[in-house]
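Structural characterization, general
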Amino acid sequence: MENQAFRVTKGESPVDNGSDLSQMESNTTIETDSDTKTITATSRDKWGKDIEFMLSCIAYSVGFGNIWKFPYTALKYGGGAFLLPYLIVLFVVGRPIYYLEMVLGQFSSRGVVKLYDLAPGMRGIGVAQTIAMFVVMTYYAPVLGITFRYLVASFSSTLPWSVCDPSWTNCLNSSFVGHRNSTNATSSSQSSAELYFNIDITHKAKLADNGLGAPDLWLSLCLLFSWVVVATILIRGAKSTGKASYFLAIFPYIIMVVLLVQTLMLEGAWNGIWFFFKPQWKALLTVEVWYEAVTQCFFSLSVCYGGIVAYSSFNNFRNNVYRDAVIISWLDTFTSIIAGCIVFGVIGNLSLMNGQDIQELAKDGPGLTFITYPDAIAKFQVVPQLFAILFFLMLFIVGVGSNLGVTTSIITAIRDQRPDLKHWVVVVGIATIGFFLGLLYLTPGGFEFLDVMDGFGAKYISLTFAVFELVTVAWIYGVDRICRDIRYMLDRSTSLYWRLCWGLIAPIATMIILVYSLFEFKLPEVPWGYNALGFSIFVIAVLQLPAWYLYAIYCRRRRHDESLRKAAWNVLKPLTSWGPENDSLRAIYRTEEEQAQVKEVFPPSLGQRIRKRMFNMS
């Protein structure tokens, strides 16, 4: 595609609805008379093959949330009964948002910030989601580093967590097979796997007692290795990420099959699996179980963070994202269920071996992965090192795949605004910042600090701006216009199911969950300074929305000499540069869209406007 040149002078704008908020197209040359600076941007990076996009999305979506968060959440909130609300939420919230973000990214070839060329006054949504993604990036890699530390330890002749260190008190060897009783354990006894994690690996200590403390040297080296792996894959952009996706997306499933077969052969495994699926129907009547279903769906599919938009922005314009969205969303759920069977099959075996209740063994989050599962592996009578290697290798691979998506979202947001920056410079810069911030989580108080940052900086920001994202796209930009965009891009009509989910069900469900989470909010039990830091990050993210809206109005009035009211309305309209990346495709699209706008009559009543937005099938 040939480059075009635009000369921008003071008082003029290259677009009717534009402002200083947006760069020109990524394949254009921009000259500014104010500083005589010329910025030349190359064409946007693309996937080598369409299958690489789907595999990369699988690698991104299938991660730690499937392996440790889903099994524990399902157990805690009704066992098999949790699956029903989860599948319902997936069907009416998760999958529709996943498809919507894929459509928007592919149609516009823009990242999560520049995506809001569709309504420049709402650009703060993309900025806030990038902040949330940055917070996630800071703690995702440290967990990956701990996983690699366990992977290396698994090659020992004797698993280091299987036996007690002489310095540990009230310790029971995890390799011990038999029932716990007063002769071999006390009520305060801990397994060697738990003490290994708390003492040798994380040097766990309460934030209130010792602050964060200093990071562990070996974990710091593992964190460095993790970032080197991620940066090496990302250094050449989408093409290298796509090539790596063949391994990152497929190989974990091979390991899962091996682990599942081995798990099903363990004595007591079926008891654990039945406990995982056993329905507790009364849980369906609680708001909390639906709240957890929605948050698990967001966490598992990684929607409303920006990664899906970034990945799909590297697609060819005609790629069948409808097929990809359906396959990936169901595959993600299938993976969560398989991971749950593996984890709870092992827990069932562990329960039988030491006589403990399954409910007691199912620890939350990292405890399930780094304590309960290693404790069970230590009891295997045949080559436990092999199964430890397979498990932590699988965990490391899915962690790398997810970290690639997280980091790609941030890289894309930066390069969309500054296309003059070299890709490798941005990658190295983010990896360096990520490494040094990641050291905070590898300190004795790191996991408590992680909980604070995850709650304030990721969970609440993503839920808050998921509501704004859905309202902006479905009602400001319009469900009807999204459907026209899909018809133009995929030559496909959009069914009533998608329209209702985008326009009504998903926004309302997400808003209810957000309100509920705010009413049920409790401050983490950590020193006030850490809570203040987390709350400050949340406030900074929330302030992005009014700040960018006011800035868009200011730029609009400065360039077009409009009234405040008119400018406030116009910054919610798409820029004239909005549309497909390709010049010829965008020209045809603009012509067709102008014709559609001419035919439309703006309904006077609210009911008619809703009907137009939701049910206009033209």
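Procedures and definitions
- Residues numbered from 1 in each chain as written.
- Predicted model: local features only at pLDDT ≥ 70, side-chain atom pairs only at ≥ 80, totals over all residues.
- Heavy atoms only, no water.
- Helix = DSSP H or I, 4+ residues; strand = E, 2+ residues; numbered from the N terminus.
- Contact = heavy atoms within 4.5 Å.
- Buried < 20%, exposed > 50% of the residue type's maximum accessible area, 1.4 Å probe, protein only.
- Core = buried A, V, L, I, M, F, W, Y, C linked by side-chain atoms within 4.5 Å.
- Expected span 1.5 Å × (residues − 1).
- Arc of directions from axis to C-beta.
- Disulfide = S-S within 2.5 Å.
- Patch = residues over 30% accessible without salt bridge, like charges linked within 9 Å, V, L, I, M, F, W, Y side chains within 5 Å.
- Areas by Shrake-Rupley, 256 points an atom, 1.4 Å probe, with all protein chains shown as cover.
- Salt bridge = Lys/Arg side-chain N within 4 Å of Asp/Glu carboxyl O.
- UniProt positions renumbered as here; feature names shortened; annotations may be inferred.
- Polar contact = N/O pair within 3.5 Å; in protein donor to acceptor, adjacent residues only side chain to side chain.
- Phe/Tyr/Trp six-rings, centres within 6.5 Å; stacked < 30°, edge-to-face > 60°.
- Lys NZ or Arg CZ within 6 Å of the ring centre and 35° of its normal.
- pLDDT = per-residue confidence, 0-100.
- Axes fitted to C-alpha atoms, helices over the stretch in contact; angles between N-to-C directions.
- Parallel < 35°, antiparallel > 145°, perpendicular 65-115°, else oblique.
- Left-handed = near helix turned anticlockwise from the far one by under 90°.
- Nonpolar A, V, L, I, M, F, W, Y, C, P; charged D, E, K, R; others polar.

**Brief notes about the overall build of the protein chain**
When you go through the protein chain residue by residue, the secondary structure sums to 22 helices and five strands. Put simply, of all contacts in the protein chain between residues at least 6 apart along the chain, 81% involve residues at least 24 apart.

**Quick look at unusual backbone geometry**
A positive phi is found at His 203, a non-glycine position, where the angle reads about 50 degrees. Mapping His 203 onto the fold places it in the loop between helix H5 (192–201) and helix H6 (207–210). Assessed through its relative accessible area of 34%, His 203 is described here as partly exposed. Positive phi values are uncommon outside glycine, yet Cys 304 reaches one of about 65 degrees. Relative to the helices and strands, Cys 304 resides in the loop between helix H10 (287–301) and helix H11 (307–312).

**Things to note about the nonpolar core**
Formed by 186 residues in total, the largest nonpolar core has its most connected members in Tyr 98, Tyr 99, Met 102, Tyr 150, Trp 161, Leu 259 and Phe 370. It is helix H17 (residues 446–490) that provides the largest number of residues to this core, a total of 24 residues. Ignoring anything within four residues of it in the chain, the contact list for Tyr 99 reads Val 321, Tyr 322, Ala 325, Ile 486, Leu 490, Arg 492, Trp 498 and Trp 502.

**Observations regarding helix H16 (residues 423–438)**
Taking 1.5 Å per residue, 16 residues should reach 22 Å; H16 reaches 22 Å between its end C-alpha atoms and fits that length. For H16, the full list of buried residues reads Val 426, Val 427, Ile 430, Ala 431, Gly 434, Phe 435 and Gly 438. Around the axis of H16, the buried residues are gathered within 160 degrees of arc, so they sit on the same side. On its buried face, H16 is in contact with helix H4 (123–153), helix H7 (217–234) and helix H15 (384–417).

**Digging into the state of the cysteines**
Counted by the stated rule, this structure contains one disulfide. What pairs with Cys 164 in a disulfide is Cys 171, and their sulfur atoms sit 1.9 Å apart. Taking the sign of the S-S torsion, about -90 degrees here, the bridge from Cys 164 to Cys 171 comes out left-handed. You can call Cys 164 partly exposed: its relative accessible area is 23%.

**Comments concerning the side chain of Thr 412**
Turning to its location among the elements, Thr 412 is positioned in helix H15. Look past the residues within four positions of Thr 412 in its chain and what remains in contact with it is Arg 44, Gly 111, Ala 310, Ser 313 and Phe 314.

**What about a nonpolar patch on the surface?**
A cluster of nonpolar side chains, Ile 51, Tyr 246, Ile 250, Ile 254 and Val 258, forms an exposed patch at the surface whose accessible area comes to about 390 Å². Among the elements that line the nonpolar patch, the one with the most residues is helix H8 (residues 238–264), at four residues. Mapping Ile 51 onto the fold places it in helix H1 (residues 50–61).

**Section: the UniProt feature "binding site: Na(+)" (unreviewed entry) in the protein chain**
Per the UniProt record, "binding site: Na(+)" (unreviewed entry) is annotated on Val 62, Asn 66, Ser 300 and Ser 402. Across 341 residues of sequence, these annotated residues stay compact in space, with a maximum C-alpha separation of 11.2 Å. In this structure, Ser 300 sits in helix H10. According to the relative accessible area criterion, Ser 300 is buried, its value standing at 0%. Once you skip the residues sitting within four places of it in the chain, Ser 300 turns out to touch Ser 61, Asn 66, Tyr 86, Asp 332 and Ser 336. Engagement of the side chain of Ser 300 in a polar contact is seen with the side chain of Asn 66, the distance being 3.4 Å.

**Some words on the packing of aromatic side chains**
According to the stated counting rule, one finds 48 aromatic pairs in the structure shown. Aromatic side chains Phe 465 and Phe 468 sit 5.7 Å apart centroid to centroid with 45 degrees between the ring planes, which places their arrangement in the tilted category. Of this pair, Phe 465 and Phe 468 are both found in helix H17, three residues apart, which corresponds to roughly one turn of the helix. Here Phe 468 falls in the partly exposed class, since its relative accessible area comes to 34%. Directly above the aromatic system of Tyr 322 lies the positively charged group of Arg 492, at a separation of 3.6 Å from the ring centroid.

**Examining the side chain of Ser 336**
Residue placement: Ser 336 occurs in helix H12 (residues 321–354). A residue is classified by how much of its surface remains accessible, and Ser 336, at 0% relative accessible area, is buried. In this view, Ser 336 contacts Asn 66, Phe 70 and Ser 300; residues no more than four positions away in its chain are not counted.

**Some remarks on the confidence of the model for the protein chain**
In this model, the protein chain carries a mean pLDDT of 82, and residues with pLDDT of at least 70 account for 86%. Confidence drops under a pLDDT of 50 for residues 1–42, and excluding neighbours within four residues, the segment shows 102 contacts in the predicted structure.

**Side note on the environment of Phe 392**
Inspection of the secondary structure assignment puts Phe 392 in helix H15. C-alpha separation for the pair Phe 392 and Thr 369, spaced 23 residues apart in sequence, amounts to 9.1 Å. When residues no more than four places from it in sequence are discounted, the contact partners of Phe 392 are Thr 147, Tyr 150, Leu 151, Ser 154, Trp 161, Thr 369, Phe 370 and Pro 374.

**Overview of the pattern of salt bridges**
Overall, the coordinates contain twelve salt bridges when judged by the stated rule. Sharing partners across several salt bridges, the network here consists of Arg 110, Lys 114, Asp 117 and Arg 123.

**Overview of the environment of Ser 108**
You can see Ser 108 is positioned in helix H3 (residues 80–108). For the pair Ser 108 and Ser 313, spaced 205 residues apart in the sequence, the C-alpha separation amounts to 6.9 Å. Apart from the residues within four sequence positions on either side, Ser 108 is in contact with Leu 115, Trp 578 and Gly 579.

**Some points on the packing of H4 against H15**
One way to put it is that H4 packs onto H15 with a least axis distance of 9 Å and a crossing angle of 155 degrees. As the angle between them shows, H4 and H15 are arranged roughly antiparallel. Between H4 and H15 lies a crossing of left-handed hand. A class-by-class count of the residues in the contact of H4 with H15 yields 19 nonpolar, eight polar and no charged.

**Overview of H15**
Given 3.6 residues to a turn, an α-helix orients residues that are three or four positions apart in the same direction. With 34 residues, H15 should reach 50 Å at 1.5 Å per residue; the first-to-last C-alpha distance of 50 Å fits that figure. Along H15, 29 of the 34 residues are buried, which leaves the element largely enclosed by surrounding structure.

**Considerations on the packing of H4 against H7**
Across the interface, H4 lies against H7 with an axial gap of 8 Å and an inter-helix angle of 110 degrees. Comparing the axis directions of H4 and H7 gives the class roughly perpendicular. Viewed along their axes, H4 and H7 form a crossing whose handedness is right-handed. Across the interface between the two elements, Met 137, Ala 141, Pro 142, Leu 144, Gly 145, Ile 146, Phe 148 and Arg 149 from H4 touch Trp 218, Leu 219, Cys 222, Leu 223, Phe 225, Ser 226 and Trp 227 from H7. A per-class count over the contact of H4 with H7 returns twelve nonpolar, two polar and one charged.

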